[in-house]
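# Structural features, examined
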Amino acid sequence: PNATSLRYPGYSSATVNCTVLPPTPTGMTASRRDVKTISLTWMSASSVNGYEIWRSTGNSSNFKLIKTITTPASACRDFNLAQNVRYYYRIRSYHVVGGVKVYSGWSSIANCILSTSTASNFTVTRKDATTAQLRWTFDSTATGYEIWRSKGNTTSWARLKNVTTGGACGDFGMAKNTTYYYKV
């Protein structure tokens, strides 16, 4: 606290205690880092002791404190999150005055939903009577792909294989004169 004492002859004196609030964080963003991680960024301020990160799931209320960062920063990550859930975030900065945290106002709310990566540019090319080549654009944030095949219809799917690297695989030993359907 800052104290100011003013004295004028013939008037009573007063002491005024003022606490300067830290700046409210601006530029808050939330973005998908990978299938289980959201990256948070904001504009940092030099006059703060840290930040509190608050999260809500499914709506923009009922926030809970998930992380306190005790050094000035402008980014952090939220790990081990569920897919297909929208996460809402807000932060506030603080500085410590006389052993007590003094908080800024809340940042704007940023949100992000984690969804499973889908294979893009998926193609199937028949190489010969019993072999097909499957190709897609590999997403670097994916940890792998499941290749599914259906023989003769699009209702009875069976997993053909798992692919953890690259964006291609082959289907060998297919029956002749049979239509196959694939999904990744």
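For the structure, see preceding data.
Below: a short report on this structure. (Residues numbered from 1 in each chain as written. Predicted model: local features only at pLDDT ≥ 70, side-chain atom pairs only at ≥ 80, totals over all residues. Heavy atoms only, no water.)

### Looking at the sheet that holds strand S4 (residues 37-43)
Which entries qualify depends on this criterion: What makes two strands pair is DSSP finding at least two bridges between them. Per the convention used, a helix needs a DSSP run of H or I reaching at least four residues, while a strand needs a run of E reaching at least two, with both numbered from the N terminus. Note on definitions: angles span 0 to 180 degrees between N-to-C directions of axes, and those axes are lines fitted to C-alpha atoms, for helices only across the stretch in contact.
Taking strand neighbours across the sheet as the criterion, the three strands line up as S3-S4-S7 in an open arrangement whose pairing is antiparallel. The sheet terminates laterally at strand S3 (26-34) and strand S7 (75-78), the two strands that pair on one side only. Going across the sheet, the axis of each strand differs from the next one's by a mean of 20°, ignoring polarity. Pairing between S3 and S4: six bridges, direction antiparallel. Considered in S4, the bridge of Asp34 is made with Thr37.

### Some words on the packing of aromatic side chains
Quick reminder of the rule: Any Phe, Tyr or Trp ring, taking Trp's six-membered ring, that has another such ring centre within 6.5 Å forms a pair; planes under 30 degrees apart are called stacked, those over 60 apart edge-to-face, and the others tilted. A 1.4 Å probe rolled over the protein chains alone gives each residue an accessible area, and that area as a share of the maximum for its type sets the label: buried under 20%, exposed over 50%, partly exposed in between. To sit over a ring, a charge needs its Lys NZ or Arg CZ within 6 Å of the ring centre and within 35 degrees of the ring normal.
For the structure on display, the rule yields four aromatic pairs. Plain terms: the ring middles of Trp54 and Trp106 are 5.4 Å apart, the flat faces sit at 85° to each other, and that makes the pair edge-to-face. One end of the pair, Trp54, is in strand S5 (residues 50-57); the other, Trp106, is in the loop between strand S9 (100-103) and strand S10 (110-113), and 52 residues separate them in sequence. Exposure remark for Trp54: the relative accessible area of 17% places this residue in the buried category. Residue classification places Trp106 among the partly exposed residues on the basis of a relative accessible area of 33%. A cation over a ring is seen here: Arg90 above Trp106, with NZ or CZ 3.7 Å from the ring centre. The ring of Tyr94 carries the charged tip of Lys101 above its face, separated from the ring centre by 4.4 Å.

### Considerations on the sheet that holds strand S12 (residues 131-137)
If you trace the three strands from one edge of the open sheet to the other, you get S11-S12-S15, paired in antiparallel fashion. Each of the sheet's edge strands pairs with one partner strand only, and the pair in question is strand S11 (120-128) and strand S15 (168-172). Mean inter-strand twist for the sheet, computed between neighbouring axes without regard to direction, equals 20°. Alignment of S11 against S12, held across six bridges, turns out to be antiparallel. Bridge pairing in S12 places Asp128 opposite Thr131.

### Thoughts on the pattern of salt bridges
Filter applied, for reference: A carboxyl oxygen of Asp or Glu within 4 Å of a side-chain nitrogen of Lys or Arg is what we treat as a salt bridge.
In the structure shown here, the tally under the stated rule is five salt bridges. The closest approach of N and O atoms between Asp78 and Arg55, which form a salt bridge, is 2.7 Å. Separated by 23 residues along the polypeptide, Asp78 in strand S7 and Arg55 in strand S5 bring together distant segments of the chain. Owing to a relative accessible area of 8%, Asp78 belongs among the buried residues under this scheme.

### Looking at the pairing of S7
A one-sided burial pattern is seen for S7, the buried positions being Cys76 and Asp78 and the unburied ones Ala75 and Arg77. Where S4 lies against S7, four bridges are found, and the strand directions are antiparallel. Among the inter-strand pairings, Ser39 is bridged to a residue of S7, identified as Arg77.

### Description of the environment of Asn59
For Asn59, the position within the fold is in the loop between S5 and strand S6 (64-69). For Asn59, a relative accessible area of 30% puts it in the partly exposed group. Once the C-alpha coordinates of Asn59 and Arg86 are considered, the two residues, 27 residues apart in sequence, prove to be 7.8 Å apart.

### Topic: the nonpolar core
As a reminder, the rule being used: By nonpolar core is meant a set of buried Ala, Val, Leu, Ile, Met, Phe, Trp, Tyr and Cys residues that side-chain atoms within 4.5 Å join together. Any two residues whose heavy atoms approach within 4.5 Å at even a single point are treated as in contact.
Within the largest apolar cluster, 19 residues are counted, with the highest numbers of intra-cluster contacts made by Ile38, Leu40, Trp42, Ile53 and Tyr89. Of all elements in the fold, only S3, S4, S5, strand S8 (86-97) and S10 reach the threshold of two or more residues within this core. Other than its neighbours up to four places away in sequence, Leu40 contacts Met28, Thr29, Ala30, Ile53, Ser74, Ala75, Cys76 and Tyr89. Counting twelve residues, the second-largest nonpolar core is a separate cluster that includes Ala119, Leu134, Ile147 and Tyr182.

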